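Below are the chains, spelled out letter by letter.
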Amino acid sequence: MSIIIETIKAIRITLIIWLLTAIIYPGFVLLVGQYLFPFSANGSIMLDINAQPIGSTLIGQGFISDRYFHSRPSAVRYSQGRKAQPTGISGSSNLAPSNPALKEMILKEAEKFQNENKKPIADLIYTSGSGLDPHISLKAARQQVERIARARGIKEDDIIPLLTKYIDGRFLGVFGEPGVNILRLNYALDLQEINRQQNQ
């Protein structure tokens, strides 16, 4: 008889724990997130002026045009964008520092800058651990200003204020380094161009 009672208790405790951890707690977190942080809770998706999604500010995208700031290289396939759908794939190359393939990848990225007579900057030749880093350093962004200004036919001084505007600081003011969010910055460049054309 005691075995049946203990079994019933165990089932009851299991159901209570399941109710708390699988329904009540996730439901509470979902409601708090949607109420207090709706943008972040829904993937930090940016919309263009036509209310169409252009990407997440949390996931890197591969910009290849000279008109845009370029992201860090990625070991996984970036979405090509602006009108990009994130791949959802995250990961590094898993190549050891002693692997010749890793050295070849880095030298290939560095060669692009040497061809332009520019010094390679670390976050433009090395991939991040996730492979989906949406930020580059302010130094890496400044190095690209000349190319973008030339491609868009504008002055460098028209771009520099945007760099300052779209810097994300350290996490909690302590962790990591400040970085420039590439998606937000590139979209701001497009908006600036649209406004300039409308005012002409």
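Residues numbered from 1 in each chain as written. Predicted model: local features only at pLDDT ≥ 70, side-chain atom pairs only at ≥ 80, totals over all residues. Heavy atoms only, no water.

For the protein chain, an unreviewed UniProt entry supplies the name Potassium-transporting ATPase KdpC subunit and the organism Cuspidothrix issatschenkoi CHARLIE-1. What UniProt records for the protein chain under Subunit (unreviewed entry) is the sentence "The system is composed of three essential subunits: KdpA, KdpB and KdpC." For the protein chain, the Subcellular location (unreviewed entry) comment in UniProt is given as "Cell membrane". (UniProt positions renumbered as here; feature names shortened; annotations may be inferred.)

Participant: How do you make sense of the overall build of the protein chain when you look at a structure like this?
Facilitator: A count of helices and strands for the protein chain gives 7 helices and 7 strands. In sequence order, the protein chain lays out its α and β elements as α-α-β-β-β-β-α-α-β-α-α-β-β-α. Within the protein chain, buried positions represent 32% of all 200 residues. Sequence separation of at least 24 residues holds for 54% of the intrachain contacts in the protein chain that already meet a minimum separation of 6. Within the structure as shown, the protein chain displays about 13100 Å² of accessible surface, and the carbon and sulfur contribution to it stands at 61%. (Helix = DSSP H or I, 4+ residues; strand = E, 2+ residues; numbered from the N terminus. Buried < 20%, exposed > 50% of the residue type's maximum accessible area, 1.4 Å probe, protein only. Contact = heavy atoms within 4.5 Å. Areas by Shrake-Rupley, 256 points an atom, 1.4 Å probe, with all protein chains shown as cover.)

Participant: I keep staring at the pattern of salt bridges and nothing clicks. Help me out?
Facilitator: Should their charged atoms come close, side chains of opposite charge can pair. Enumeration over the complete set of coordinates arrives at 6 salt bridges. A salt bridge links arginine 150 to glutamate 146; its shortest N-O distance comes to 3.7 Å. Residue arginine 150 and its partner glutamate 146 are located together in helix 5 (residues 138-152), separated by 4 residues, close to a single helical turn. Among the charged side chains, a network of salt bridges with common partners joins Arg67, Arg152, Asp190 and Glu193. (Salt bridge = Lys/Arg side-chain N within 4 Å of Asp/Glu carboxyl O.)

Participant: Please clarify how the sheet that holds strand 5 (residues 135-136) should be interpreted in this entry.
Facilitator: The strands making up a sheet are joined through hydrogen bonds of the backbone, oriented either antiparallel or parallel. Spatially, 5-7-6 is the arrangement adopted by the 3 strands of the open sheet, whose pairing is antiparallel. The outermost strands of the open sheet, each flanked by one partner alone, are strand 5 and strand 6 (167-168). Two strands pair when backbone bridges link them, and strand 6 and strand 7 (residues 179-181) are joined in this way by 2 bridges, in the antiparallel orientation. Bridge pairing links aspartate 168 to glycine 179 in strand 7. Running over the sheet, helix 7 (residues 182-199) touches strand 5, strand 6 and strand 7 and is turned about 55 degrees from strand 7. (Pairing = 2+ DSSP bridges. Axes fitted to C-alpha atoms, helices over the stretch in contact; angles between N-to-C directions.)

Participant: Honestly, the confidence of the model for the protein chain in this entry has me stumped. Any pointers?
Facilitator: Parts of the model with low pLDDT should not have their predicted coordinates read in detail. The predicted model of the protein chain has a mean per-residue pLDDT of 79, with 84% of residues at 70 or higher. When pLDDT is averaged over each element of the protein chain, helix 1 (residues 2-36) comes out on top at 91 and strand 4 (residues 79-80) at the bottom at 49. Note that pLDDT drops below 50 for residues 80-88; the model gives that stretch 25 contacts with residues more than four away or on any other chain. (pLDDT = per-residue confidence, 0-100.)

Participant: I tried to follow helix 7 on my own but got confused; where do I start?
Facilitator: One turn of an α-helix holds 3.6 residues; hence residues three or four places apart share an orientation. Between its terminal C-alpha atoms helix 7 stretches 26 Å, which fits the 26 Å expected from 18 residues at 1.5 Å a residue. When helix 7 is considered as a whole, its buried residues turn out to be Ile182, Leu183, Leu185, Asn186, Tyr187, Ala188, Leu189, Asp190 and Glu193. (Expected span 1.5 Å × (residues − 1).)

Participant: Mind showing me how you'd approach the nonpolar core here?
Facilitator: One finds Phe69, Ile159 and Leu185 to be the most contacted residues of the largest nonpolar core, which totals 28 residues. Those elements that provide at least two residues to this core are helix 3 (100-115), helix 4 (122-125), helix 5, helix 6 (160-165) and helix 7. The leading source of residues in this core is helix 7, at 6 residues. The residues contacting phenylalanine 69, other than those within four sequence positions of it, are Phe63, Ala141, Gln144, Val145, Arg147, Ile148, Ile159, Leu163, Ile182, Leu185, Asn186 and Leu189. (Core = buried A, V, L, I, M, F, W, Y, C linked by side-chain atoms within 4.5 Å.)

Participant: What is the right way to look at the UniProt feature "transmembrane region" (unreviewed entry) in the protein chain in this model?
Facilitator: The UniProt record annotates "transmembrane region" (unreviewed entry) at residues 12-37. Annotated as 96% helix and 0% strand, the span residues 12-37 places its first and last C-alpha atoms 35 Å apart.

Participant: Help me out: how do you make sense of a nonpolar patch on the surface in this one?
Facilitator: A surface patch of nonpolar side chains, about 760 Å² in accessible area, is lined by Ile11, Leu15, Ile16, Trp18, Leu19, Leu20, Ile23 and Ile24. You can see tryptophan 18 is positioned in helix 1. (Patch = residues over 30% accessible without salt bridge, like charges linked within 9 Å, V, L, I, M, F, W, Y side chains within 5 Å.)

Participant: How should the packing of aromatic side chains be read in this particular structure?
Facilitator: In this description, an aromatic ring pair is defined by two values, namely the gap between the centres and the angle between the planes. According to the stated counting rule, one finds 1 aromatic pair in the structure shown. Judged by centre distance (5.4 Å) and plane angle (45 degrees), the ring pair of phenylalanine 63 and tyrosine 68 falls under tilted. When its relative accessible area of 15% is taken as the criterion, tyrosine 68 is described as buried. (Phe/Tyr/Trp six-rings, centres within 6.5 Å; stacked < 30°, edge-to-face > 60°.)

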